[in-house]
Amino acid sequence: MRGPFAGEVRIGADGVTLGWPRFSPEARYSGRFIPWSRVRDADPEAFPPELRLVGGRTVFLGREHATALAAAPVTVRKRVDVWGALLEPFVDTEYDDETHAVCARRLHSCGFSDAEIRRIRRRVRRRMTALTLLTWEWGGYGHSDVLVASGLAPGFAYRRFRRWADAIAARGER
């Protein structure tokens, strides 16, 4: 299963070099080199650490790059984990009324309506249910997980889905 993670990553003075697997749709989506001038902000404490590009794209780095990313010449910014709240019903734990209320409040604070939340969850339901059946994830899902679950889509479909997923994640910015 393809995922949104680069293989070899080098964080340097000029930017980040990403070593994508052969034929990865991420190479076309994110590129192989990102100069710091194209990075809007980063969150080295996110799981996984994130770079947010000027055009709205998100690039995920491995946990081993968190320290180097924190020292990089970019603004560090946290955002609300909207994908975590959207994907909570798919985690292999009990999704009770209290959990539903907490997730709904978090999403409403980012401008999501109840109807929109239902539409997004319906769109990812099959792929997230399949991922849960494969992994038995009980700790939580996030933005990168919905992309991992979509990793078998053809390149053009994956990139379209990727743009949509990144736009949803960006709504957590305040």
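On a predicted model such as this, the values are computed, not experimentally measured, just so you know.

Calculation criteria
Residues numbered from 1 in each chain as written. Predicted model: local features only at pLDDT ≥ 70, side-chain atom pairs only at ≥ 80, totals over all residues. Heavy atoms only, no water. Helix = DSSP H or I, 4+ residues; strand = E, 2+ residues; numbered from the N terminus. Rg over C-alpha atoms; globule rule 2.2 N^0.38 Å. Buried < 20%, exposed > 50% of the residue type's maximum accessible area, 1.4 Å probe, protein only. Contact = heavy atoms within 4.5 Å. Lys, Arg positive; Asp, Glu negative; His and termini not counted. Charge placed at Lys NZ, Arg CZ, Asp CG, Glu CD. 1 Å grid on protein atoms, 1.4 Å probe; cavity = no way out; pocket = protein on both sides within 12 Å on 5 of 7 lines; lining within 4 Å. Points joined across faces, edges and corners; volume = space filled by probe spheres on them. Nonpolar A, V, L, I, M, F, W, Y, C, P; charged D, E, K, R; others polar. Patch = residues over 30% accessible without salt bridge, like charges linked within 9 Å, V, L, I, M, F, W, Y side chains within 5 Å. Areas by Shrake-Rupley, 256 points an atom, 1.4 Å probe, with all protein chains shown as cover. Salt bridge = Lys/Arg side-chain N within 4 Å of Asp/Glu carboxyl O. Pairing = 2+ DSSP bridges. Axes fitted to C-alpha atoms, helices over the stretch in contact; angles between N-to-C directions. Polar contact = N/O pair within 3.5 Å; in protein donor to acceptor, adjacent residues only side chain to side chain.

Caption draft 1: Expanded view of the overall build of the protein. Counting its regular elements, the protein contains seven helices and six strands. From first element to last, N terminus to C terminus, the protein shows the α and β order β-β-α-β-β-β-β-α-α-α-α-α-α. Taking 16 Å as the expected radius of gyration for a compact globule of 174 residues, we find that the protein reaches 16 Å, a close match to that expectation. Along the first, second and third principal axes, the C-alpha set of the protein runs to 50 × 35 × 25 Å. Within the protein, the fraction of its 174 residues that count as buried is 46%. Within the protein, counting contacts between residues at least 6 apart in sequence, those at least 24 apart form 55% of the total. Across the protein, 29 positive and 21 negative side-chain charges occur, with their mean positions spaced 10 Å apart.

Caption draft 2: Examining the layout of surface pockets more closely. By volume, the largest pocket amounts to about 360 Å³. In terms of lining, the largest pocket is formed by 20 residues, of which the most central are Phe47, Glu50, Asp81, Gly142 and His143. Considering every element that reaches the lining of the largest pocket, the biggest residue donor is helix H6 (residues 143-149), with three residues. Across the lining of the largest pocket, the residue classes tally to nine nonpolar, four polar and seven charged.

Caption draft 3: The environment of Arg105, seen in detail. Structurally, Arg105 is set in helix H4 (residues 97-108). Classification of Arg105 as exposed rests on a relative accessible area of 55%. Measuring from C-alpha to C-alpha, the distance between Arg105 and Pro44 comes to 25 Å, with 61 residues separating the pair along the chain.

Caption draft 4: Structural context of a negative patch on the surface. Residues Glu94, Asp96, Asp97 and Glu98 make up a contiguous surface patch of negative charge. Here Glu98 is to be found in helix H4.

Caption draft 5: Molecular detail of the sheet that holds strand E4 (residues 39-43). One open sheet holds the three strands; their spatial order is E4-E5-E6, and the pairing between them is antiparallel. Both edges of this open sheet fall to E4 and strand E6 (58-60), since each of them pairs with a single strand only. Geometrically, the sheet is characterised by an average inter-axis angle of 20 degrees between neighbouring strands, direction not taken into account. Bridge count for strand E5 (residues 50-53) against E6 is three bridges, and the pairing is antiparallel. Bridge assignment links Leu51 to a residue of E6, and that residue is Val59.

Caption draft 6: Representation of the side chain of Thr132 in the model. For Thr132, the position within the fold is in helix H5 (residues 114-135). Looking at Thr132, the relative accessible area reads 9%, which means it is buried. Setting aside residues no more than four positions away along its own chain, Thr132 makes contact with Phe90, Asp92, Glu137 and Tyr141.

Caption draft 7: Representation of the side chain of His65 within the structure. Secondary-structure assignment places His65 in the loop between E6 and helix H2 (66-70). Polar contacts involving the side chain of His65 include one to the side chain of Glu64, which spans 3.4 Å. Here His65 is in contact with Val9 and Ile11, once residues within four sequence places are set aside.

Caption draft 8: Looking closely at the sheet that holds strand E1 (residues 8-11). Read across the sheet, three strands follow the order E1-E2-E3 without closing on themselves; strand pairing throughout is antiparallel. Two strands close off the open sheet at either side, each with one partner strand: E1 and strand E3 (33-35). The average angle at which neighbouring strand axes cross in this sheet is 10 degrees, direction not considered.

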